[in-house]
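# Analysis of the macromolecular model
Chain by chain, the residues:
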Amino acid sequence: MLVWLTNYALHLIDDAANGVRESKAASVEMLANPYLDSRCWIHPLAAVALGCLHYFHPAWPAWPTLLIVTLLFPASISACVMSGRARDAFSPLMMWRVVEGLGFWYPLLVAFISICAMIGVLLARQLQLGAILIASEQLLLLIAYAGMGGVLYERRIELAFEPRLSPEREADRIGVELSAKRQHFLDELYNDLRLHESKRAAAKAKQWFEETGQDELPVDVHAILEAGKSWTKLRDYPRLLQGLIPILLGLKQPALAYTLCEAGLSLDANFSAAEESDSIALASYALATGRRRAAERLLENYLRGAGATREPGPQLAALRARLQPPGLILNPSR
């Protein structure tokens, strides 16, 4: 029964250390097969060995043994839980790794285990042998093991311990899933560009940006630009970049929109935004970030292209006047 209880306690500490919120109940297999986990034998046998040692040497004081056990037991059980190997319960290297990784948590853990042990001693002295005493002692043991598992989980990074369930693993899983979805999204963009459906591709990109959120926008834009290095032969790729500019500006991302402009200019020297308001926003951003020549180029390209058939608005005219040197008249027809 003691081995069965220890086996379940190890199952409990494993679950707590690995981030499992709800541990399974004790199974019949743990009782029928005590060899299920060899770690369950280690500490009960060590306790029996120490008890026999003091039984045959009654003159030896017990407090040094109790002190050493109190200090080393949490490190010993944690070491074999982290590695999954029974022999690491007596490994000085593994136990030191636990003590170093837990840091100031280790004295607190030792104090917690000591309090559980003292409560167990008090209960043994106050209660008569029976179901209540046995249940209380078992519950204290499970609480102590669960506490150790919880501390291991909280200090998993410092211990270089990778639990089965953790925010880091969940983030990695979500990242892998998002990467797969992003690749599928890029494949759809490529197919639309092959069919000369740049507007449909831009609409899909807008929907994707809205679904993934603002935090993923830099990654999404970088992925589109990286994929675009192999799409340069598609003549609709610059049109896609042009269609993405107003979307990013609408999302309050002028830096990313300007990054698309730079990519577009590297493909086409006459690249510009399609709308006057977008051209003003991009030129203003370029001017605010110390890119005066880029701002002039963006406005000139717009005036030669999409803005050639319409009169510039007052904002565009004011920005042109701000950019052109004194005495120089900017003629978009040249």
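Structural data are supplied above this passage.
Below is a summary of the structure that appears in this document. (Residues numbered from 1 in each chain as written. Predicted model: local features only at pLDDT ≥ 70, side-chain atom pairs only at ≥ 80, totals over all residues. Heavy atoms only, no water.)

A separate point is the packing of aromatic side chains. Considering all chains together, one arrives at seven aromatic pairs under this definition. With a centroid separation of 5.8 Å and 40 degrees between ring planes, the pair formed by Phe104 and Trp105 is classed as tilted. What makes Phe104 exposed here is its relative accessible area of 57%. Overall, the relative accessible area of 31% leaves Trp105 in the partly exposed class. The rings of Tyr190, Trp231 and Tyr237 are connected pair by pair, giving a single aromatic cluster. Of note, Arg156 hangs over the ring of Tyr153, and the distance from its end group to the ring centre comes to 4.3 Å. (Phe/Tyr/Trp six-rings, centres within 6.5 Å; stacked < 30°, edge-to-face > 60°. Buried < 20%, exposed > 50% of the residue type's maximum accessible area, 1.4 Å probe, protein only. Lys NZ or Arg CZ within 6 Å of the ring centre and 35° of its normal.)

Per the counting criterion, the structure on display carries eleven salt bridges. The shortest N-O distance in the salt bridge between Asp88 and Arg85 comes to 2.9 Å. Residue class for Arg85 comes out partly exposed when judged on its relative accessible area of 35%. Ionic pairing is found between Glu226 and Lys229, a salt bridge with its closest N-O pair at 3.0 Å. (Salt bridge = Lys/Arg side-chain N within 4 Å of Asp/Glu carboxyl O.)

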